[in-house]
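Take a look at the letters that make up each chain.
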Amino acid sequence: MKNIHKILILISTLSLFSCAKWLDIQPESDVDKNVLFSTEDGFKEALLGVYTRASKSDLYGLELTIGTPEVLAQNYVMASGDKLRYEETKKFKYQDANFITRKDNIWKGLYNGIVNSNLILEEIDKKQKLFVGNNYALIKGEALALRAYLHFDALRLFAPSPMLNSKSDAIPYVTSYSNKSTKLSTVAQVLDSAIRDLEIAKNLLKVDPIRQPSYLIGYPIITDTLKNSELNSSELFLQNRRHRLNYFAVCGLLARIYLYQGDQVKALANANEVINANKFPWTNKTDFLALEPDKKDRIFYKELLFAWYIPAMSGTYNNDWFVDGTVGMYLDEDETRTIYNVAGDGGTDIRFTQWFESRSLGTQRASTLLKFRRNSFSDSFSANLHYLVAPAIKLSEMYYIAAECTYDSNPTKALALVDEVREHREIGKKLQVSTKNQFISELVKEYRKEMYAEGQLFYLYKRLNLPINGQHGEVIPAKQEIFVWPLPDDEIIYGQR
């Protein structure tokens, strides 16, 4: 299959911040650092290795998409077989042994990706003559963007939001591969560092092929309903740019981080750069509603600015996580109808009709999530309409960010931005609000409907310091004890394990 992510190399799982010799733990390819970084292909393999590591189940392959943040956002009911793993987590019991194991593995996984991004950045400027075309700028830009992306998610999990305490000690922002421990940066310092990395990356990625008018977004099949050119490059490394942190994904991430920081002007500018580019088409209703699974797009694939490629998704998500009403994670059907306001203006919402399947659960009805359901374990074009990916940054989020940043100056325009997303989800009724608080309340509802099981809702509650809307009308007060995960112990932080 012509997919860039089939070229894999797993960079060594180095202890965090330690200066272990490269050969102490070999990459899968058994190539040492000096050999790996002696060719352009070696840099490509190293970069893809970071993406591959981040797509494992302890990070975006499960835990940071459909996993722990979604459990904390109260988005699931858990079948009895799952209680030992996540029931205590749902109650925010952060001293539970199962949570501690997951939390520590998330920390180590994020910083493993950071360390390996730093290895690329440490070597690339010294080897600039190795690269042809624009590959130097692309690889360096993506490595910087990955470093920022991973640090930012660590910040959102393990530190207070800047709204409450921007001067609080947060996490280490690690920019070098060294045997010296990196001290904790404050929340504000981490955000400044991530933004600095991303602004440099954005400038480097101005040469990204995805910015060219000839680069058309579409499905990887000949019979696509919109002509696409994502596979047209003769160089495999330049194909499927949306599976990596491309120029527009960096704009989207900057919009997300600037908003988290509280800089609405720059957040709006970056969100608008994505929106005004008209690069990402709204998903054709025919593709979303297709009856045949191999012609169906449940995740709005064309609207994804960036996605994690997860070959094991079909089995992990659907055989282990979203199984049915008796095993795995699900929702009470009444709760699903409440989230999507089926009794009100959401009765025609295609996300409700296509993402959930009603099942009998004793005297009740359960909703099983079909959003990531595939017709085959294969990732071939003949079996599926699009690749096995988990959404990371979406077009709809850019509309939500733009709306939030616009409301104070132009409420009518802000509501129109949210309504545009709603219209493409087949909700015809316009939002009606008269105050900023009402607008934020409605916006949170839209996030929950649009990004269900994508790992973003918990961060929204945290950023705005809002109560978490539990199930069946339960409201969980906003507390730092809920929103800030305990840091791992010093042995993990400073790489002694």
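Here is what the cut-offs are and how they apply
Residues numbered from 1 in each chain as written. Predicted model: local features only at pLDDT ≥ 70, side-chain atom pairs only at ≥ 80, totals over all residues. Heavy atoms only, no water. Phe/Tyr/Trp six-rings, centres within 6.5 Å; stacked < 30°, edge-to-face > 60°. Helix = DSSP H or I, 4+ residues; strand = E, 2+ residues; numbered from the N terminus. Buried < 20%, exposed > 50% of the residue type's maximum accessible area, 1.4 Å probe, protein only. Lys NZ or Arg CZ within 6 Å of the ring centre and 35° of its normal. Core = buried A, V, L, I, M, F, W, Y, C linked by side-chain atoms within 4.5 Å. Contact = heavy atoms within 4.5 Å. Pairing = 2+ DSSP bridges. 1 Å grid on protein atoms, 1.4 Å probe; cavity = no way out; pocket = protein on both sides within 12 Å on 5 of 7 lines; lining within 4 Å. Points joined across faces, edges and corners; volume = space filled by probe spheres on them. Nonpolar A, V, L, I, M, F, W, Y, C, P; charged D, E, K, R; others polar.

Caption draft 1: View of the packing of aromatic side chains. Considering all chains together, one arrives at 37 aromatic pairs under this definition. Taking 6.3 Å as the distance between ring centres and 85° as the angle between the ring planes, the aromatic pair formed by Tyr 309 and Tyr 387 counts as edge-to-face. In this pair, Tyr 309 is assigned in strand β2 (residues 304–309) and Tyr 387 in the loop between β5 (364–369) and β6 (389–394), connecting sequence segments 78 residues apart. When sorted by exposure, Tyr 309 lands in the same class as Tyr 387, which is buried. With a centroid separation of 5.1 Å and an interplanar angle of 90°, the aromatic rings of Tyr 317 and Phe 372 are classed as edge-to-face. In this pair, Tyr 317 is assigned in helix α12 (residues 313–321) and Phe 372 in the loop between β5 and β6, connecting sequence segments 55 residues apart. Through a chain of ring-to-ring contacts, three or more aromatic side chains come together here, namely Tyr 76, Tyr 86, Trp 321, Phe 322, Tyr 340, Phe 352, Phe 356 and Tyr 452. The cationic tip of Arg 102 hangs over the ring face of Tyr 86; the distance from NZ or CZ to the ring centre is 3.9 Å. Sitting over the face of the ring of Tyr 459, Arg 156 holds its NZ or CZ atom 3.8 Å from the ring centroid.

Caption draft 2: Fine view of the nonpolar core. Ranked by size, the top nonpolar core spans 157 residues in total, and within it Leu 155, Trp 308, Phe 439 and Phe 458 carry the most contacts. Per-element accounting of this core gives the leading share, 16 residues, to helix α6 (residues 135–158). The residues contacting Phe 458, other than those within four sequence positions of it, are Pro 69, Leu 72, Ala 73, Tyr 94, Ile 468, Ile 482, Phe 483 and Trp 485. Within the second largest apolar cluster, five residues are counted, among which are Ala 79, Tyr 330, Leu 361 and Ala 366.

Caption draft 3: View of the pairing of β6. Burial of β6 is extensive: six of the six residues sit out of reach of the surface. In this sheet, β6 lies alongside β2 in antiparallel orientation, the contact comprising five bridges. Directly across from Leu 304, in β6, lies its bridge partner Lys 394.

Caption draft 4: Examining the layout of surface pockets more closely. Size it by volume and the largest pocket reaches roughly 550 Å³. As for the largest pocket, its lining consists of 26 residues, and the residues nearest its centre are Ser 441, Val 444, Lys 445, Arg 448 and Asn 469. If you tally residues by element for the lining of the largest pocket, the top one is helix α17 (residues 436–450), at seven residues. Among the residues making up the lining of the largest pocket, the classes are represented as eight nonpolar, eight polar and ten charged.

Caption draft 5: Inspection of the environment of Ile 275 at higher detail. Within the secondary structure, Ile 275 is located in helix α10 (residues 264–277). Sequence separation between Ile 275 and Ala 402 is 127 residues; the distance between their C-alpha atoms is 9.1 Å.

Caption draft 6: Just unusual backbone geometry, in detail. Of note in this structure, Asn 240 is not a glycine but carries a positive phi near 50°. One can find Asn 240 in the loop between α8 (187–204) and α9 (247–261). Notably, Asn 278 is not glycine yet its phi reads approximately 55°, a positive angle. Position of Asn 278 among the secondary structure elements: in the loop between α10 and α11 (285–289). When its relative accessible area of 67% is taken as the criterion, Asn 278 is described as exposed.

Caption draft 7: Region of interest: the sheet that holds strand β4 (residues 356–361). Strand order in the open sheet formed by four strands is β1-β3-β5-β4, and the pairing between neighbours is antiparallel. Two strands lie at the open edges of the sheet, namely β1 (77–78) and β4, each paired on one side alone. Alignment of strand β3 (residues 329–332) against β5, held across two bridges, turns out to be antiparallel. If you follow Leu 331 over to β5, its bridge partner there is Ser 367.

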